[in-house]
Amino acid sequence: MATLVKHVLQRKPALQIDQETGADTNGGELTRSIGLAQLSMFGIGATIGTGIFFVLSQAVPVAGPAVIISFVVAGVVAGLTAICYAELAGAVPASGSSYSYAYATLGELPAMAVGACLLLEYGVSAAAVSVGWSQYLNQLLGNLFGFQIPDALSQAPEQGGIINLPAVILVCLCGVLLIRGASESAKANAIMVSIKLAILLLFIVVGIAGWNSNHFADFAPFGFSGVMSAAGVIFFSYIGLDAVSTAGEEVKNPRRNLPLAILIALVSVTAIYIAVVAVAIGAQDSASFEGQEAGLSAILEQVTGSTWPGTLLAAGAVISICSVTLVVIYGQTRILFAMSRDGMIPSIFHKVNPRTLTPVPNTIIVCVVISILAGFIPINFLAEMTSIGTLVAFLVVSIGVIILRRSDPDLPRSFKVPGYPVTPILSILGCLWIIKDLRTVTIYVFLVWVTVAIIWYFAYGMKHSRLGAKNRAELGSESES
């Protein structure tokens, strides 16, 4: 029993992770082609869009105008965690994100569980965003050409359709771009993010003309519990902060650029979120958000009495939400890449194409799975499942900062969490606070998913663990001598 416990809690030394990824030598199995500006755009691109462009229709009915506070609460918790991410990203700059951090601090079995959380976080998030993109595409087609894709081909079965075909097509297109190369994907993402920021600025400037302070009169109709429930629903919109750390092996000067990019993304995203939400509530009564598709576009049409601002915003959303899907799928493939290198999952996820230097089979498998989710699962359930996966990953990162400070105090750190240990403790409490307000069914499904991951570890991961094989070999050689 003691041997089993020792095995499942064996930790992968941070220095070994550094050597494998070539953090200090600009080496590694993947090419280092992403600079600070492109990396910051990764964080902004993966975050803005996920929450703002369509999640208001789920969050506002739960919290009312107080959804502004929900965004602030989620932003504060995400901000505390982002600071923790910045420290670990500078100390352990690997592609596995919080999976690699958990491996270095908590042990192999906890890392496997965190990897499962990340699969839930990234895979389900990409599906949710693709579904939202489909809504804006229909809005754009209706405005420009007077027709929309029929519900049978643009809605999940639960919502009266057969398959959400536009969402499936988007996932496939992102997969094609990712297969071409990380640098090409980063450049395309930077262009799409620029368009996205311009479109949201347009919404703020035009939407504020419809400001009506009466919309804030019944500020919190569902009380504090409504505010916290909405915070749980929208929390997945901060996934982009995690996505930055998945690029650890393809970033130039990762110890400097990873922490900086996380902090730049955090400040930019929080400011834009709060500005857009405030204008949206000011321009439209909170009761009108429920069931509203392509909400920001519809708000502009109401304010101006014309279709052109809404059409322009819908066009921008169609282009820019692609960046969210692109970066989230990218993050998913890189996490699987790291897990496969450690032997936790089959080696096919670790195979790199010699010409493009990208994990092609990995990318294809991920896109097929996400396409199925996007085509057949409704968006509200996808959003909540992503939230709990994100929260648990954030929780582990905050715990990891405390453990790594104690277990490896001399490890080089390009950034240190200010206010330690208060900051990571507040982050842990904030994550737990939001988790407790998620729906019971969400928590149950999550627990089942983690249980499946643990069973997988004992059936496959423990036998194929490269760290375990290395430790057994070292033990064997010691006993022989």
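Reading guide: rules and limits
Residues numbered from 1 in each chain as written. Predicted model: local features only at pLDDT ≥ 70, side-chain atom pairs only at ≥ 80, totals over all residues. Heavy atoms only, no water. UniProt positions renumbered as here; feature names shortened; annotations may be inferred. Helix = DSSP H or I, 4+ residues; strand = E, 2+ residues; numbered from the N terminus. Contact = heavy atoms within 4.5 Å. Phe/Tyr/Trp six-rings, centres within 6.5 Å; stacked < 30°, edge-to-face > 60°. Buried < 20%, exposed > 50% of the residue type's maximum accessible area, 1.4 Å probe, protein only. Disulfide = S-S within 2.5 Å. Core = buried A, V, L, I, M, F, W, Y, C linked by side-chain atoms within 4.5 Å.

- The name an unreviewed UniProt entry assigns to the protein is Amino acid permease, from the organism Rhodococcus baikonurensis.
- Word for word, the UniProt comment on the protein under Subcellular location (unreviewed entry) is "Membrane".

Comments concerning the environment of Val-193
- Locating Val-193 in the fold gives a position in helix H10 (residues 182-207).
- Ignoring anything within four residues of it in the chain, the contact list for Val-193 reads Met-41, Ile-44, Gly-45 and Ser-323.

Section: the packing of aromatic side chains
- Considering all chains together, one arrives at ten aromatic pairs under this definition.
- Where Trp-211 meets Phe-216, the ring centres are 5.2 Å apart and the plane angle is 25°; that geometry is what we call stacked.
- For Trp-211, a relative accessible area of 41% puts it in the partly exposed group.
- Of the aromatic side chains, those joined through ring pairs into one cluster are Tyr-85, Tyr-101 and Phe-394.

Re the state of the cysteines
- For the coordinates displayed, the defined rule picks out zero disulfides.
- The structure places no disulfide on Cys-174, whose sulfur is separated from the nearest cysteine sulfur, that of Cys-322, by 5.8 Å.
- Exposure remark for Cys-174: the relative accessible area of 5% places this residue in the buried category.
- Cysteine Cys-367 is unpaired, with the sulfur of Cys-172 as its nearest cysteine sulfur at 6.7 Å.

Section: the nonpolar core
- Counting 146 residues, the largest nonpolar core has Phe-71, Phe-203, Leu-296 and Ile-329 as the members making the most contacts within it.
- The element that contributes the greatest number of residues to this core is helix H7 (residues 108-145), accounting for 18 residues.

Some points on the environment of Ala-338
- Inspection of the secondary structure puts Ala-338 in helix H15 (residues 308-341).
- What makes Ala-338 buried here is its relative accessible area of 2%.
- Residues Ala-338 and Ala-74 lie 264 residues apart in sequence; the distance between their C-alpha atoms is 28 Å.
- In this structure, Ala-338 is in contact with Ser-95, Gly-96, Tyr-99 and Ser-100, ignoring residues within four places of it in sequence.

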